[in-house]
Amino acid sequence: MSTESNRARSKARHVAIIMDGNGRWAKRKHLPRAMGHQRGVEAVRKLVRAVEPMGLDCLTLYAFSSENWKRPEEEVDDLMNLLRKFIKSDLPEFVANDVRLKIIGDYKALAPDIVAQLEDALEKTSQGSRILAVALNYGSQDEIVRAARHAADEGEVTADSIERHLDTAGLPPLDLLIRTSGEVRLSNFLLWQCAYAEMVFVDTLWPDFTPEHLQQALDDFASRERRYGGR
Ligand code: FPP
């Protein structure tokens, strides 16, 4: 594939974000950690509203990892309560704005009322055309193991058959991964899907991340030449 055609294909369709830095944001402002997470949800809300004008088909957000259960109980409760509130308050907007919710990760292990709320939201948004994928109780290694087991149950284990059983099956290929807060690692997020994704790491703490920051990352992405292993 020529450089020109790589450039021509460089509009991102699927962006995933590791939303990091809520705690540090709160600490810098001498506020409780919960406040950092609360402001983190506001950043999520603004970004979801920006997805359509930016022409993205899919935004995937790492909201709660399977390792996040190790945090103090009070913080886990705060995060779960924010999730309850977020779905309740923003579901009508998703429906009105053609957003289709998708959950990746083992969300059925969350509290039964949250599972019910999520399943209601999945159903009510099922006709939407732009996808908001939220990773909940998600761990990429676990996702790959589950997918490989399903593939083996069905027959041959190949990259294609594994991919068909990943939680992200049906989503567009991942184009760009962004991580906020200056950390440069994947933290068990979308390891398979990152195989050919571009990556942008920014110092901004998540509550300060705005649609303008996303646009900058998209501009950066558009200027890159993607090689997919070729020359
Ligand atoms: C990382 O900040 C962020 C998280 C562990 C969770 C991300 C959650 C949100 C943005 C809010 C909830 C989202 C939804 C969709 C309801 P950190 O606490 O690890 O920050 P630190 O590294 O500075 O301590």
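Predicted model only: the values in this text are computed from it and were never measured. (Residues numbered from 1 in each chain as written. Predicted model: local features only at pLDDT ≥ 70, side-chain atom pairs only at ≥ 80, totals over all residues. Heavy atoms only, no water.)

Re the site of the ligand
Here is step 1 of the chain: In the vicinity of the ligand, 15 residues are found, and the nearest of them are Met-19, Gly-23, Arg-24, Arg-33 and Arg-71.
Here is step 2 of the chain: Within the backbone of Arg-24, a nitrogen or oxygen atom sits 2.7 Å from an oxygen atom of the ligand.
Here is step 3 of the chain: In the model, an oxygen atom of the ligand is placed 2.8 Å from a nitrogen or oxygen of the Arg-33 side chain.
Here is step 4 of the chain: Notes on the ligand: free accessible area 620 Å², of which the protein chains cover 91%.
Here is step 5 of the chain: With 4 residues, helix 3 (residues 33-50) is the single largest residue contributor to the shell around the ligand.
Here is step 6 of the chain: Its residues placed into classes, the shell around the ligand shows 5 nonpolar, 6 polar and 4 charged. (Near = heavy atom within 4 Å. Polar contact = N/O pair within 3.5 Å; in protein donor to acceptor, adjacent residues only side chain to side chain. Areas by Shrake-Rupley, 256 points an atom, 1.4 Å probe, with all protein chains shown as cover. Helix = DSSP H or I, 4+ residues; strand = E, 2+ residues; numbered from the N terminus. Nonpolar A, V, L, I, M, F, W, Y, C, P; charged D, E, K, R; others polar.)

Considering the packing of aromatic side chains
Here is step 1 of the chain: Taken as a whole and assessed by the stated rule, the structure comprises 6 aromatic pairs.
Here is step 2 of the chain: A centroid spacing of 5.7 Å and a plane angle of 85° characterise the contact between Tyr-138 and Phe-189, whose relative ring orientation is edge-to-face. With Tyr-138 in strand 4 (residues 130-138) and Phe-189 in the loop between strand 5 (176-179) and strand 6 (198-201), this pair connects stretches of sequence that are 51 residues apart. Here the two residues Tyr-138 and Phe-189 agree in accessibility, since each one is buried. (Phe/Tyr/Trp six-rings, centres within 6.5 Å; stacked < 30°, edge-to-face > 60°. Buried < 20%, exposed > 50% of the residue type's maximum accessible area, 1.4 Å probe, protein only.)

Considerations on the pattern of salt bridges
Here is step 1 of the chain: With the rule as written, the count across this model stands at 18 salt bridges.
Here is step 2 of the chain: Across the salt bridge formed by Arg-130 and Glu-52, the nearest N and O atoms sit 3.7 Å from each other. Of this pair, Arg-130 sits in strand 4 while Glu-52 sits in the loop between helix 3 and strand 2 (58-65); the two residues are 78 residues apart in sequence, bridging distant segments of the chain.
Here is step 3 of the chain: Linking Arg-146 and Asp-142 is a salt bridge whose minimum nitrogen-to-oxygen distance equals 3.0 Å. (Salt bridge = Lys/Arg side-chain N within 4 Å of Asp/Glu carboxyl O.)

Observations concerning the nonpolar core
Here is step 1 of the chain: Residues Val-15, Ile-17, Leu-110, Leu-132, Leu-136, Ile-178 and Leu-214 are the most contacted members of the largest nonpolar core, which totals 47 residues.
Here is step 2 of the chain: Counting residues in each nonpolar core, the second largest holds 12 residues, with Ile-18, Ile-104, Leu-190 and Ala-197 among its members. (Core = buried A, V, L, I, M, F, W, Y, C linked by side-chain atoms within 4.5 Å.)

Quick look at the sheet that holds strand 3 (residues 99-104)
Here is step 1 of the chain: With respect to topology, 6 strands assemble into an open sheet ordered 3-4-2-1-5-6, the strand pairing being parallel. With partners counted over all chains shown, the strands left at the sheet margins are strand 3 and strand 6, one partner each. The sheet shows a mean angle of 20° between the axes of neighbouring strands, taken without regard to direction.
Here is step 2 of the chain: Strand direction decides the pairing type here: strand 3 and strand 4, joined by 6 bridges, are parallel. What sits directly across from Ile-104, in strand 4, is Ala-135. (Pairing = 2+ DSSP bridges. Axes fitted to C-alpha atoms, helices over the stretch in contact; angles between N-to-C directions.)

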